[in-house]
Each structure stands twice: as structure tokens, then as C-alpha cells.
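Structure assessment
Read off the chains here:
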Amino acid sequence: MKDLRAAYGQYAVVTGASSGIGEEFARQLAAAGVNVVLVARRKGRLDALAAELSRIHGTTNEVVALDLLADGAVDELWRRVGDVDVGLVVANAGISLAGPLVAHSLADELDVFALDGAVPLQLAHRFGRDFAQRRRGAIVLVSSSIAASPVPYSANYAAVKAYVLSLGQALNYELKKDGVDVLVATTVVEVGIDIPNATVMVVLGAERFGLAQLHQLRGRIGRGSERSYCVLVSDASDSERLAAMTAKKRDENGREVPLDGFDLAKRDLAIRGAGEFLGVRQSGVPELRIVDLADVDPELISETAEEADRILAGDAALSRSEHAELSRAVDQLWRRYALA
Ligand SMILES: NC(=O)c1ccc[n+]([C@@H]2O[C@H](COP(=O)([O-])OP(=O)(O)OC[C@H]3O[C@@H](n4cnc5c(N)ncnc54)[C@H](OP(=O)(O)O)[C@@H]3O)[C@@H](O)[C@H]2O)c1
């Protein structure tokens, strides 16, 4: 593994280190010999973690108990770490709200907006400028796989995470010439990941993932010459879906090979159903009454998407007379989901 201290500096700042993913970032960094500045509101938990990491790994850790939603909090953090050699910052602290946006108070949604969006921006700006001047450093922004598309009932959270993903990917490009690495974490830390000698992956709660996604995850190991293992941990004792992950088929040379991503996506669709087009159910009884999506040729799906793009490029409002039927059908669909 890369020597993080030599590459970036003696200390890493981890926000949201008092639990969950942030705590794990802190543990991994300390295990790699990096001193950690632990940031969150719950001082007791941070003190206990700092002491534990020092005992196990011999690192010198600092605790900064701070409400990052308070005015000037990032400036305050900057001041508090002013005299240590920080070379890595993990902008992880985050909160989320689920449910209809309008059912929440605006103040609560603005807190999500600020903690998950504005605070990572401020951290990237503050530390990024310093790292660029020193010509070394790394910034990790914790986004989410939810950033991949708009998500009704997590509308603001998903939009903010998409912002963080976009910000990080662009900064990765901008700061590369200054010797600064930027990673964005979604399901895995995925920008710039290339660890050919990674040989083990453990996925907890595996039944909650789509099979194609599990296949993508296991693709992160087994890139080198060593035999690799992907361990799927699940409460579901007898899962037809997860069994597909170890199923085999014969390739054109008659050799037994695992199912590929297309096979698995198809199998998942057949077992779980397609779910809703615009609703929140991602699996279950499909809405199409005649066609079973699991039987549809993937070629036809991409041709249909291309055709839809072509129509929308020429007539986005579907106002031409030849699109009247289509316009009516879209209108009906929108009304069904109370979106029109
Ligand atoms: N869990 C998931 O499935 C998942 C998936 C994708 C992305 N993520 C992202 O991963 C990050 C961590 O999530 P998690 O699941 O590990 O969450 P978590 O266990 O709830 O941890 C959130 C952390 O943020 C800190 N925090 C919350 N409000 C804060 C504030 N106002 N000021 C300072 N610190 C604050 C909390 O500490 P205190 O309460 O002590 O302040 C805690 O350490 C988030 O950005 C989240 O959006 C999570």
C-alpha cells in the first residue's frame, strides 16, 4: 500500500469520525500510520477512539469537537489544525432525510444541503488551496451511490450527493497538476482506484445490492495474479438471487465460467421484477402489461432509448401532430404519479 504519510503528510482530518464510515476511515488511516484529527460533535466518542487508535497503532491523534453546521465552523477547524502537518482531508460528515421533501421543514433540508454540500466545498477549498501550494495532499469527498440519478423521496439528499460527486470529479482534474489527489467515495472509493493486488472483498448486507452491482464490486479484486475471494455476507439463508453469484455457465470453448454482468442483471430482473418506472419501488411487479422486460433483447432496449433521444432532440415538448399519441401517453403516465 502507498505510504500515505510520505505521500501526503503526518496528519489526516476526518469529519464525522464519531461513528459509521468516518470512524472506519479513521481506523484505516491510523492502521496505515497516519495521525488522525477526529472531528464531530460527540466529544466522548472521539476521545475514546483517539485513545484506542493511539494504543493500537501508536498514532498521535487530535480531537476537534465541533458542530460543522455552526457559523464559521470550517474556519474554526482550520485554525485548530494550523500547527500540524495535515496532508489528507476526508469530508465525510453527513446527514440525510427520507420522505417527501415538502413534508420536512425547510430548515432541516437546508441542514442537509449545508452539511453534505457546502461543508465539503469549504473543506475542499480551504485545504485544497493549501495542498496545491505545498504541491501535495489528498481530498476524499464522501458522496453516495444515490448520486447516480434523481431519487424521489430523497430528492434533496440525492441532489446534494450528485453535486459532491460532480465537484470531486472536476477537482480531481483541476488539482492533479498541483500534485493533489481527489477521490470521491460512492459505494466504493471509485475515482482513481487501482489496487491490482487487492485479493479480498467482503460485502455486508449483500441481499440489499442488485446482482449487477455486486458483480461490479467483485470486479475490484482479482486484477492481479493472486487468487482472490469475494465474501457475500447476508441474513437471507436461502437466497435464489445471491446463489446466482456463484452459478456457472459454459463459454464458447466449453469451459465453466461465472455469469457475467449482463447474465446477472437479467437474472435479477427475472427474479425481482422491474419495479416502477417513476415511483420508488426498484423491484416488484412490472408496470408493462404485455411485455416482460426480462425477455426483451438488450439491443432493442438501447435502440428504443436512441429513438426516444432522437424524438426529444427534435420535439422536446412533443407538440408536433405526429407525436400527439405519444404526448397523450406521457401525460397519462405523469398524471398516474401525480407529477402533472
Ligand atoms: N451509511 C450509508 O449507507 C451511506 C451510503 C452512502 C453514503 N453515505 C455517506 O457517508 C457519510 C457517513 O455516513 P454514515 O452512514 O457513516 O453516517 P453516521 O454513522 O450517521 O455518521 C455521521 C457522522 O457525521 C457526524 N455529524 C453529523 N452531524 C454533524 C454536525 N452537525 N457537525 C459535525 N459532525 C456531524 C456524526 O457525528 P456527531 O453526531 O457526533 O456529530 C457522525 O460522526 C455521509 O456523508 C453519508 O451521506 C452513507
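As the structure is a computational prediction, the values presented were derived from the model and not from experiment.

1. A few points about the overall build of the protein
For the protein, the count of helices and strands is 11 helices and 10 strands. When burial is assessed residue by residue, the protein has 26% of its 340 residues classed as buried. Of the contacts made within the protein by residues no fewer than 6 positions apart, 60% connect residues no fewer than 24 positions apart.

2. Remarks on the packing of helix α7 (residues 211-218) against helix α9 (residues 261-272)
Interaxial distance between α7 and α9 falls to 7 Å at its minimum, and their mutual angle equals 155 degrees. With respect to α9, the axis of α7 lies roughly antiparallel. Counting all contacts with α7, which are made through Leu211, Ala212, His215 and Gln216, the residues of α9 involved are Gly261, Leu264, Ala265, Arg267 and Asp268. For the contact of α7 with α9, a count of residues per class yields four nonpolar, three polar and two charged.

3. Looking at the packing of helix α5 (residues 106-134) against helix α6 (residues 155-176)
The geometry of α5 relative to α6 is characterised by a closest axis approach of 9 Å and an angle of 10 degrees between their N-to-C directions. Between α5 and α6, the interaxial angle falls into the category roughly parallel. Between α5 and α6, the residues in contact are Glu109, Val112, Phe113, Asp116, Gly117, Pro120, Leu121, Ala124, Gly128 and Ala132 and Asn156, Tyr157, Val160, Lys161, Tyr163, Val164, Leu167, Leu171 and Leu175, respectively. Per-class residue counts for the contact of α5 with α6 are 13 nonpolar, three polar and three charged.

4. Focus on the sheet that holds strand β5 (residues 137-142)
Pairing is parallel in the open sheet, where six strands are placed in the order β3-β2-β1-β4-β5-β6. Since the sheet does not close on itself, it has two edges, and those belong to β3 (62-65) and β6 (180-185), each with one partner. Each strand axis lies, on average, 15 degrees off the axis of its neighbour in the sheet, ignoring direction. Summarising the sheet, strand β1 (residues 11-15) and strand β2 (residues 35-40) pair through five bridges and their orientation is parallel. Across the sheet, the residue bridging to Ala12 is Val36, located in β2. Contacts between helix α2 (residues 20-31) and the sheet are confined to β1, β2, β4 (86-91) and β5, with β1 contributing the most and set at about 170 degrees to the helix. Here helix α3 (residues 43-57) sits on the sheet and contacts β2 and β3; the angle it forms with β3, its principal contact strand, is near 170 degrees.

5. Brief notes about the domain arrangement of the protein
As assigned here, the protein comprises domain 1 (4-185), domain 2 (200-289) and domain 3 (297-336). When each unit is reduced to the centre of its C-alpha atoms, the spacing between domain 1 and domain 3 is 42 Å.

6. A look at the site of the ligand
Around the ligand sit 22 residues, and of these Gly16, Gly20, Arg41, Arg42 and Gly94 come closest. The set of elements that each furnish at least two residues to the shell around the ligand consists of α2 and α5. Broken down by element, the residue count for the shell around the ligand peaks at three residues, all from α2. Looking at the shell around the ligand residue by residue, the classes come out as nine nonpolar, nine polar and four charged.

7. Some points on the nonpolar core
With 54 residues, the main nonpolar core has Ala12, Val14, Ala26, Val36, Leu38, Val89 and Ile139 as its most contacted residues. What Val89 contacts, discounting residues up to four positions off in sequence, is Ala12, Val13, Leu123, Phe127 and Ile139. Within the second largest apolar cluster, seven residues are counted, among which are Phe209, Ala244, Met245 and Leu264.

Parameters at a glance
- Residues numbered from 1 in each chain as written.
- Predicted model: local features only at pLDDT ≥ 70, side-chain atom pairs only at ≥ 80, totals over all residues.
- Helix = DSSP H or I, 4+ residues; strand = E, 2+ residues; numbered from the N terminus.
- Buried ≥ 20, exposed ≤ 12 C-beta atoms within 10 Å, placed from the backbone.
- Contact = placed C-beta atoms within 7 Å.
- Axes fitted to C-alpha atoms, helices over the stretch in contact; angles between N-to-C directions.
- Parallel < 35°, antiparallel > 145°, perpendicular 65-115°, else oblique.
- Nonpolar A, V, L, I, M, F, W, Y, C, P; charged D, E, K, R; others polar.
- Pairing = 2+ DSSP bridges.
- Domains from an automatic or database assignment.
- Near = placed C-beta within 6 Å.
- Core = buried A, V, L, I, M, F, W, Y, C linked by C-beta atoms within 7 Å.

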